[in-house]
Amino acid sequence: MKVQGSCHCGQVTYEAEVDPESAHICNCTDCQMLTGSAFRVTVHAPRPAFRLLSGQPKVYVKIADSGARRRHSFCPNCGTPVHSSADTDDPASYSLRVGCLAQCAQLAPRKRNWLRSSLPWAQNVSSLPANDTQ
Ligand SMILES: [Zn+2]
Ligand SMILES: [Zn+2]
């Protein structure tokens, strides 16, 4: 599926070809902290099909407890996460942040990862009172 992405301030824009079947929720504690939210939703894009159209993302190399290194790119102006990848200039694929994609409504997650570190309240919010104005 062809997608268009943008950060919140609009400096960083990009397009890519993603595999909708790879869309997933990650509940790991790193994703919770790096998003400031309960979990992250990600979809994979092969690197050749990713094209940066404007802006220059800033890179933060995250080092996991295991020692694994991962590059996290984000807008240097507004901080919106753009993608992550292996810590190399030639990664096989990028993990795009679904909330930044124009097609996000069509990219329903297919699975949940790292459930053991998930926040228990985050897995079922459909019973909460709904409010469309706040
Ligand atoms: Zn921005
Ligand atoms: Zn994660």
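In the block above lies the structure referred to throughout.
## Some thoughts on the overall build of the chain
Each helix and strand counted, the chain has 1 helix and 10 strands in total. Ordering the α and β elements of the chain from the N terminus gives β-β-β-α-β-β-β-β-β-β-β. Along the longest, intermediate and shortest principal axes, the C-alpha atoms of the chain span 45 × 35 × 30 Å. Carbon together with sulfur atoms contributes 52% to the accessible area of the chain, which is approximately 8,100 Å² in total.

## Overview of the coordination of the zinc ion (ligand 2)
Each protein donor to the zinc ion (ligand 2) is listed here as Cys 26 (SG), Cys 28 (SG) and Cys 31 (SG); together their distances run 2.2 Å. Mapping the donors of the zinc ion (ligand 2) onto the primary sequence gives the spacing C-x1-C-x2-C. In terms of burial, Cys 26 and Cys 31 fall into one category: buried.

## Let's talk about the pairing of strand β4 (residues 40-46)
If a strand is regular, its side chains alternate between the two faces of the sheet. Sheet analysis places strand β3 (residues 24-26) next to β4, joined by 3 bridges and oriented antiparallel. What sits directly across from Ile 25, in β4, is Val 41. Where β4 lies against strand β9 (residues 93-97), 5 bridges are found, and the strand directions are antiparallel. Counterpart to Pro 46 in the pairing with β9 is Ser 93.

## A short note on the packing of aromatic side chains
What the rule picks out here adds up to 2 aromatic pairs. With a centroid separation of 4.8 Å and 55° between ring planes, the pair formed by Phe 50 and Tyr 94 is classed as tilted. On the criterion of sequence distance, the pair formed by Phe 50 in the loop between β4 and β5 (51-54) and Tyr 94 in strand β9 is long-range, its members being 44 residues apart. Here Phe 50 falls in the buried class, since its relative accessible area comes to 14%. You can call Tyr 94 buried: its relative accessible area is 12%. Taken together, Tyr 14, Phe 50 and Tyr 94 form an aromatic cluster joined through their ring pairs.

## Section: the pairing of strand β7 (residues 69-74)
Two elements, strand β6 (residues 58-63) and β7, share 6 bridges in a ladder whose sense is antiparallel. Considered in β7, the bridge of Ile 63 is made with Arg 69. Joining the antiparallel neighbours β6 and β7 is a turn of 5 residues, in which Gly 67 adopts a positive phi near 95°. By the bridge criterion, 5 bridges tie β7 to strand β8 (residues 81-86) in an arrangement that is antiparallel. What sits directly across from His 72, in β8, is Ser 84. The hairpin turn running from β7 into β8, its antiparallel successor, is 6 residues long, and Gly 79 in that turn takes a positive phi close to 85°.

## Concerning the coordination of the zinc ion (ligand 1)
As a benchmark, a tetrahedral metal site with four donors has ideal angles of 109.5 degrees, while an octahedral site with six donors has ideal angles of 90 or 180 degrees. The protein atoms that coordinate the zinc ion (ligand 1) are Cys 7 (SG), Cys 9 (SG), Cys 75 (SG) and Cys 78 (SG), at distances of 2.3 to 2.4 Å. Viewed at the metal, the 4 donor atoms of the zinc ion (ligand 1) are separated by angles of 107 to 114°, and the geometry they form is tetrahedral. Within one chain, the residues donating to the zinc ion (ligand 1) are spaced in sequence as C-x1-C-x65-C-x2-C. Residue Cys 7 is located in the loop between β1 (2-6) and β2 (13-17), and its partner Cys 78 is located in the loop between β7 and β8; the two are separated by 71 residues in the primary sequence.

Criteria and thresholds
- Residues numbered from 1 in each chain as written.
- Chains lettered and ligands numbered in written order.
- Predicted model: local features only at pLDDT ≥ 70, side-chain atom pairs only at ≥ 80, totals over all residues.
- Heavy atoms only, no water.
- Helix = DSSP H or I, 4+ residues; strand = E, 2+ residues; numbered from the N terminus.
- Areas by Shrake-Rupley, 256 points an atom, 1.4 Å probe, with all protein chains shown as cover.
- Donors = N, O, S within 2.8 Å, 3.2 Å for Na, K, Ca; no water.
- Buried < 20%, exposed > 50% of the residue type's maximum accessible area, 1.4 Å probe, protein only.
- Pairing = 2+ DSSP bridges.
- Phe/Tyr/Trp six-rings, centres within 6.5 Å; stacked < 30°, edge-to-face > 60°.
- Tetrahedral: all angles 85-135°; square planar, octahedral: opposite > 155°, others 65-115°.

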